[in-house]
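# Summary of structural features
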Amino acid sequence: MSVHLVGLALLMAAVTYPFRALPLFAPTKDRLPPVVQRYLRLVGPAILAALAAGNTAFAEEAEGRNAFHLGIEWIAVALAVVLIAWRGNVFVGILAAAVLVAFGRAVMGA
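What counts, and where the lines are drawn
- In this numbering scheme, every chain counts its residues from 1 along its sequence in written order.
- Only residues with pLDDT of 70 or above have their local features reported here, since the model is predicted, and side-chain atom pairs are shown and tallied only from 80 upward, although totals for entire chains, interfaces and linings are computed over all residues.
- To get the side-chain values, take all heavy atoms of the structure and skip hydrogens and water.
- Counting from the N terminus, the helices are DSSP H or I runs at least four residues long and the strands are E runs at least two residues long.
- Using a 1.4 Å probe, the Shrake-Rupley method yields the accessible areas, and only the shown protein chains count as cover for residues.
- Here an angle of 0 to 180 degrees is reported between the N-to-C directions of two axes, which are lines fitted to C-alpha atoms, with helices fitted over the stretch in contact.
- Any angle that is under 35 degrees is reported as roughly parallel, and any over 145 degrees as roughly antiparallel; angles of 65 to 115 degrees are reported as roughly perpendicular and all others as oblique.
- What makes a crossing left-handed is the near helix being turned counterclockwise from the far one by less than a right angle; a clockwise turn instead makes it right-handed.
- Should any heavy atoms of two residues lie within 4.5 Å, those residues are considered in contact.
- Gly counts as polar in this scheme, as do all residues outside two lists: the nonpolar Ala, Val, Leu, Ile, Met, Phe, Trp, Tyr, Cys and Pro, and the charged Asp, Glu, Lys and Arg.
- To estimate how far a helix should extend, the number of its residues minus one is multiplied by 1.5 Å.
- We call a set of buried residues a nonpolar core when its members are Ala, Val, Leu, Ile, Met, Phe, Trp, Tyr or Cys and they connect through side-chain atoms within 4.5 Å of each other.
- Relative accessibility thresholds used throughout: buried, under 20% of the residue-type maximum; exposed, over 50%; partly exposed, between the two (1.4 Å probe, protein chains only).
- Distance and chemistry together define a polar contact, namely a pair of N or O atoms within 3.5 Å, with one atom able to donate a hydrogen and the other to accept it when in protein, and with adjacent residues in sequence counting only for side-chain atoms on both sides.
- Salt-bridge detection follows one rule: a side-chain nitrogen of Lys or Arg within 4 Å of a carboxyl oxygen of Asp or Glu.

### Quick word on the overall build of the protein chain
Per the secondary structure count, the protein chain includes four helices and two strands. Going residue by residue from the N terminus, the α and β elements of the protein chain occur as α-α-β-β-α-α. About 8400 Å² of surface is accessible on the protein chain, with carbon and sulfur atoms providing 72% of the total.

What follows is the structure in structure tokens.
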């Protein structure tokens, strides 16, 4: 396990936290302008999409460098996107993707 990206993770957390915490500080979302309400509704899915893209597209190789990766994770992300769009429930999409990846890794022995 390498720790060379911990600093970057902390920096990204510091940069993105204010936007993720904004709904907590809004007095009532009903009084906010419609454009702000739409923005706040899309912050969570945008963050999940960024995390999914980074963790799906790149994997750490034995030499300690990151390389483009094709695997079951791509199918899981597509499944999550379809389920979230269809059902409107982020939890259902994430759960289905996690189950698919766990099952796929158990079957493939990875």
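Now that the structure has been shown, we can carry on.
### Considerations on the packing of helix 3 (residues 72–87) against helix 4 (residues 90–108)
Between helix 3 and helix 4, whose axes approach to 8 Å, the crossing angle comes to 155 degrees. With respect to helix 4, the axis of helix 3 lies roughly antiparallel. Crossing geometry of helix 3 relative to helix 4 is assigned as right-handed. Across the interface between the two elements, Ile72, Glu73, Ile75, Ala76, Leu79, Ala80, Leu83 and Ile84 from helix 3 touch Val90, Val92, Gly93, Ala96, Ala97, Leu100, Val101, Gly104, Arg105 and Met108 from helix 4. Split into classes, the residues belonging to the contact of helix 3 with helix 4 amount to 14 nonpolar, two polar and two charged.

### Details of helix 3
Taking 1.5 Å per residue, 16 residues should reach 22 Å; helix 3 reaches 22 Å between its end C-alpha atoms and fits that length. Note on helix 3: the residue one or two positions beyond its end, Gly88, has a positive phi of about 70 degrees.

### Comments concerning the nonpolar core
Soluble, globular proteins show a tendency: their nonpolar side chains are buried together. Among the nonpolar cores identified, the biggest contains five residues, and these are Ile72, Ala76, Ala80, Ala97 and Val101. Listing elements by their share of this core, those giving two or more residues are helix 3 and helix 4. Not counting residues up to four positions away in its chain, the partners in contact with Val101 are Ile72, Glu73 and Ala76.

### Quick look at the environment of Thr16
Summarising the element assignment, Thr16 is placed in helix 1 (residues 6–25). As for Thr16 and Val43, which are separated by 27 residues in sequence, their C-alpha atoms are 9.9 Å apart. Polar side-chain contacts of Thr16 include one of 2.9 Å to the backbone oxygen of Met12.

### Remarks on the pattern of salt bridges
Here the structure, examined in full by the defined rule, presents one salt bridge. Here Arg105 makes a salt bridge to Glu73, at a shortest N to O gap of 2.6 Å. Of this pair, Arg105 sits in helix 4 while Glu73 sits in helix 3, and the two are 32 residues apart along the sequence.

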